[in-house]
Amino acid sequence: MDKQTFRWSEIMVGVVLVIAFGVFLVALILVGSNVKLFSPTYSLRIFVPNIEGLVDGSMVTLAGRKVGFVKDIRFTQQDGMNGIEVELSIDTKYQSQITKRSKATIKTIGLLGDKYVDITLGQTGERALAEGDHVAVDLTPDIAEISRKVSDAIDDFVETVRHTRNITQKIDEGKGAVGRLVNSEEMSASLDQFIASVSRITAIMESKTSTAGRMLRDTTLFVDLSAVVENLSEITTKIRRGEGTLGKIVTDPALYEELSRFANKSDALLSKMNNSGSSAEKLLTDPQLYDELVQLMKVLNTLVSDLKEHPDRYFHFSVF
């Protein structure tokens, strides 16, 4: 009888140990998966093209505070696009703070730690997301993509350094315009001469006795130039208003038409004068006619002179 009781005692101890071990394993699993047995929860979903290493049971945070866990991950389609749908189990007490303007992001704990989902806080007064709704996703580059971009940037930098080294080598060898400028003694001497010339010009301009120096320092020139500009501005203003002869020429259409008619008549007169056989054309081009006119002017001049000196030869006055 004592042996049988002892055996039952051993069996009961074994059963208790098994149950205790099972409870311990269940508790360990629940703690590791961030599952809360006695808190009411609701489900939200996110759709992403890549979960970036996210697993079932991963932590879900709201503005950095843990509010749930990843419940399920499955392949699916949305709007004709293949992707992965992640179901999030979230404590119901945070439901009012997750709204349609909230965004979910897959982040990493530390630099190479586990992945988790972080949700931003919604705005006050907005509609809270209900059971089964989708949270908008803010896709961020993962470590691999960042590493790839950094690697590309490093490659570009190395290529730039290589090209810079080639350029400096060509300059040292005297190749190209810059290389000749740096290595040519003649070019260096010309540059020194140019710098010396600029220095002399600067010294002359800084001198108070030189014309350029006086022009730079004397305010009279500036005042005169200002007066000239002001006068020109006044003249152009009067011209725009139609004042004065030039203003009327510019603005008065009647005067413009008269000048146009005068120009046309002058052109016609010049055309007639250029016609062969006309008196004006002969007067301008016939040397014999020119000589005769000169001779006639001399005779007339002699006659007028004699008339002034001896008027009695040409005029006789008598009363009876």
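Above: the structure in question.
Observations regarding the overall build of the protein chain
A count of helical and extended segments in the protein chain gives 10 helices and seven strands. Each of the 320 residues in the protein chain was classed as buried or not, and the buried ones make up 16%. Put simply, of all contacts in the protein chain between residues at least 6 apart along the chain, 54% involve residues at least 24 apart. Roughly 24,600 Å² of accessible area belongs to the protein chain as shown, and the carbon and sulfur atoms make up 61% of that amount.

Some thoughts on the pairing of strand E4 (residues 81-91)
Taken across its 11 residues, E4 has nine buried, putting it largely inside the fold. Direction of pairing for strand E1 (residues 41-48) relative to E4: antiparallel, over a ladder of eight bridges. By the bridge assignment, Arg45 is partnered in E4 with Glu87. Strand direction decides the pairing type here: strand E3 (residues 65-78) and E4, joined by 10 bridges, are antiparallel. Looking at the pairing, Gln77 lines up with Asn82 of E4. The turn linking E3 back onto E4 is made up of two residues, and Asp79 within it adopts a positive phi angle of 55 degrees.

Considering a nonpolar patch on the surface
A surface patch of nonpolar side chains, about 450 Å² in accessible area, is lined by Val150, Ile154, Phe157, Val158 and Val161. Here Ile154 shows up in helix H2 (residues 143-172).

Description of the sheet that holds E3
Strand order across the open sheet formed by seven strands is E1-E4-E3-E2-E6-E5-E7, with mixed pairing between neighbours. This sheet does not close on itself; its edge strands, each paired only once, are E1 and strand E7 (136-137). Here strand E2 (residues 59-62) runs beside E3; their pairing, made up of four bridges, is antiparallel. Of the residues in E3, the one forming a bridge with Val60 is Gly68.

A closer look at the nonpolar core
Judged by nonpolar contacts, the single largest core of 22 residues is most densely connected at Leu88, Ile90, Val117 and Ile119. Residue assignment for this core shows that the elements contributing at least two residues are E1, E2, E3, E4, strand E5 (103-108) and strand E6 (115-119). Among residues more than four places away in sequence, those in contact with Ile119 are Val60, Thr61, Leu62, Ala63, Leu88, Ile90, Ile98, Ser102, Lys103, Ala104 and Val135.

Section: the pattern of salt bridges
The full count for this structure, using the stated rule, is nine salt bridges. Here Asp72 and Arg74 are joined by a salt bridge, their closest N and O atoms 2.5 Å apart. Two residues, Asp118 and Lys107, come together in a salt bridge whose shortest N-O distance is 3.5 Å. Taken together, the residues Asp118 in strand E6 and Lys107 in strand E5 connect sequence positions 11 residues apart. On the basis of relative accessibility, which here comes to 35%, the residue Lys107 falls in the partly exposed class.

A closer look at unusual backbone geometry
One non-glycine residue, Ala63, adopts positive backbone phi at about 55 degrees. Tracing the chain through its elements places Ala63 in the loop between E2 and E3. Of note, the phi angle at Asp79 is positive, near 55 degrees, even though the residue is not glycine. With respect to the secondary-structure elements, Asp79 resides in the loop between E3 and E4. The exposure class assigned to Asp79 is exposed, which follows from its relative accessible area of 80%.

Remarks on the side chain of Asp118
On the basis of relative accessibility, which here comes to 9%, the residue Asp118 falls in the buried class. Of the polar contacts made by the side chain of Asp118, one reaches the side chain of Thr61; its length is 2.5 Å. Here the side chain of Asp118 touches Gly64 through a polar contact of 3.1 Å, landing on its backbone nitrogen. Filtering out sequence-adjacent residues up to four positions away, Asp118 remains in contact with Thr61, Leu62, Ala63, Gly64, Lys103, Ala104, Thr105 and Lys107.

Observations concerning the environment of His134
Here His134 lies in the loop between E6 and E7. The exposure class of His134 is partly exposed, given its relative accessible area of 36%. The sequence separation of His134 and Ile46 amounts to 88 residues, and the corresponding C-alpha distance is 5.3 Å. In this structure the side chain of His134 is engaged in a polar contact, spanning 3.0 Å, whose partner is the side chain of Glu85.

Rules used throughout
- Residues numbered from 1 in each chain as written.
- Predicted model: local features only at pLDDT ≥ 70, side-chain atom pairs only at ≥ 80, totals over all residues.
- Heavy atoms only, no water.
- Helix = DSSP H or I, 4+ residues; strand = E, 2+ residues; numbered from the N terminus.
- Buried < 20%, exposed > 50% of the residue type's maximum accessible area, 1.4 Å probe, protein only.
- Contact = heavy atoms within 4.5 Å.
- Areas by Shrake-Rupley, 256 points an atom, 1.4 Å probe, with all protein chains shown as cover.
- Pairing = 2+ DSSP bridges.
- Patch = residues over 30% accessible without salt bridge, like charges linked within 9 Å, V, L, I, M, F, W, Y side chains within 5 Å.
- Salt bridge = Lys/Arg side-chain N within 4 Å of Asp/Glu carboxyl O.
- Core = buried A, V, L, I, M, F, W, Y, C linked by side-chain atoms within 4.5 Å.
- Polar contact = N/O pair within 3.5 Å; in protein donor to acceptor, adjacent residues only side chain to side chain.

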